[in-house]
Amino acid sequence: MKNIFPHSWTAEVLTSSPLIAPARQYTYPRQIAGEEDALARGALQLMIQPATGGQFLATCALGFTDRSMPTGLFSCPNPNELCAVAGGYAYIIDTLHPERSTHIPLKPVVEALPLPSQNLLIFTGFHTIYAWGTNGEAWHTSRLSWEGIRLLGVEGNTLRGTGWNMLTDRDVPFTIDLLTGRHEGGSFPPS
């Protein structure tokens, strides 16, 4: 669990389903076409206690069963939100209103990086990077790589990384302005 941001909730990762389930239970992703069998891959189960209201059980379907795909729990820039990453699928859950959730559009998320100085939670996929802020989606880059992104570090409000270019078979450096999501460099020109 990476609780870098202040948060108003507590959560426990369950190793098995509770013997007595709470009255409130939520399953993520919420009815998405093509994800009807998501729970068959397995799930990350969380017992969450929000700042107000009773506890609830969150069942977060695994995106992929490959052990290299990340699974974990993160605090978010908004203290009432929780991020659950389950086998490369990332879910932002509003703990005060758990019927409200956002399924991060990267499939898979290969890395989640909290950036408290910028008040962002960064999600890296194979082709793009997505940022979540206090008020939801902050930005989503255009394509940076043919297949594979490696983050190298943050300097001020600039994120540095590399993305693979299929035509040259090389990693190409890029920078992203963390305030806007605009990038320079990478394997694809900025759009």
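Predicted, not measured: the structure shown is a model, and the values here were computed from it.

How each quantity is defined
Residues numbered from 1 in each chain as written. Predicted model: local features only at pLDDT ≥ 70, side-chain atom pairs only at ≥ 80, totals over all residues. Heavy atoms only, no water. Helix = DSSP H or I, 4+ residues; strand = E, 2+ residues; numbered from the N terminus. Buried < 20%, exposed > 50% of the residue type's maximum accessible area, 1.4 Å probe, protein only. Contact = heavy atoms within 4.5 Å. Pairing = 2+ DSSP bridges. Axes fitted to C-alpha atoms, helices over the stretch in contact; angles between N-to-C directions. Phe/Tyr/Trp six-rings, centres within 6.5 Å; stacked < 30°, edge-to-face > 60°. Core = buried A, V, L, I, M, F, W, Y, C linked by side-chain atoms within 4.5 Å. Salt bridge = Lys/Arg side-chain N within 4 Å of Asp/Glu carboxyl O.

**Considering the environment of Pro22**
No. 1: Positionally, Pro22 belongs in the loop between β1 (10–14) and β2 (24–28).
No. 2: Pro22 gets classed as buried once you look at its relative accessible area, which sits at 12%.
No. 3: The spacing of Pro22 and Gly54 is 32 residues in sequence and 8.5 Å in space, taken between C-alpha atoms.

**Looking at the side chain of Thr141**
No. 1: Tracing the backbone through its elements, the reader meets Thr141 in the loop between β12 (136–140) and β13 (149–155).
No. 2: Apart from the residues lying within four places of it in its own chain, the contact partners of Thr141 are Thr128, Ile129, Ile176 and Gly181.

**Topic: the sheet that holds β1**
In a beta sheet, neighbouring strands pair by backbone hydrogen bonds and run either parallel or antiparallel.
No. 1: Pairing within the open sheet is mixed, and its 4 strands lie in the order β1-β3-β4-β2. For this open sheet the edge positions go to β1 and β2, each flanked by a neighbour on one side alone. Strand-to-strand twist in this sheet, taken as the mean axis angle between neighbours without regard to direction, amounts to 25°.
No. 2: Pairing between β1 and strand β3 (residues 43–49): 5 bridges, direction antiparallel. Note that in β3 the partner of Glu12 across the bridge is Met47.

**Here's the deal with the packing of aromatic side chains**
No. 1: Across all of its chains, the model carries 6 aromatic pairs by this definition.
No. 2: Note on Phe64 and Tyr89: the rings are 5.9 Å apart at their centroids and 90° apart in plane angle, and the pair reads as edge-to-face. With a gap of 25 residues between them, Phe64 in the loop between β4 (56–61) and β5 (72–75) and Tyr89 in strand β7 (residues 89–94) connect regions that are remote in the sequence.
No. 3: Residue Phe64 is classed as partly exposed on the basis of its relative accessible area, which comes to 34%.
No. 4: Take Tyr89: its relative accessible area is 4%, and that puts it in the buried class.
No. 5: A centroid spacing of 5.1 Å and a plane angle of 40° characterise the contact between Trp146 and Phe188, whose relative ring orientation is tilted.

**As for the nonpolar core**
No. 1: Within the largest apolar cluster, 19 residues are counted, with the highest numbers of intra-cluster contacts made by Leu46, Cys60, Leu82, Tyr91 and Ile93.
No. 2: Elements supplying a minimum of two residues to this core: β2, β3, β4, β6 (81–86) and β7.
No. 3: If you tally residues by element for this core, the top one is β4, at 4 residues.
No. 4: With residues up to four places along the chain from it excluded, the contact list for Cys60 reads Tyr28, Gly42, Ala43, Leu44, Ala84, Ala86, Tyr91 and Ile93.
No. 5: Grouped together as the second largest cluster of nonpolar side chains are 14 residues, Val85, Ile104, Leu121 and Tyr130 included.

**Notes on the pattern of salt bridges**
No. 1: Within the structure shown, the criterion is met by 2 salt bridges.
No. 2: One salt bridge connects Asp94 with Arg100, and the closest N-O pair in it is separated by 3.8 Å.
No. 3: Of the residues examined, Asp94 reaches a relative accessible area of 15% and is grouped as buried.
No. 4: Residue classification places Arg100 among the partly exposed positions, given a relative accessible area of 48%.
No. 5: Residue Arg160 pairs with Glu155 through a salt bridge whose shortest N-O separation is 3.0 Å.

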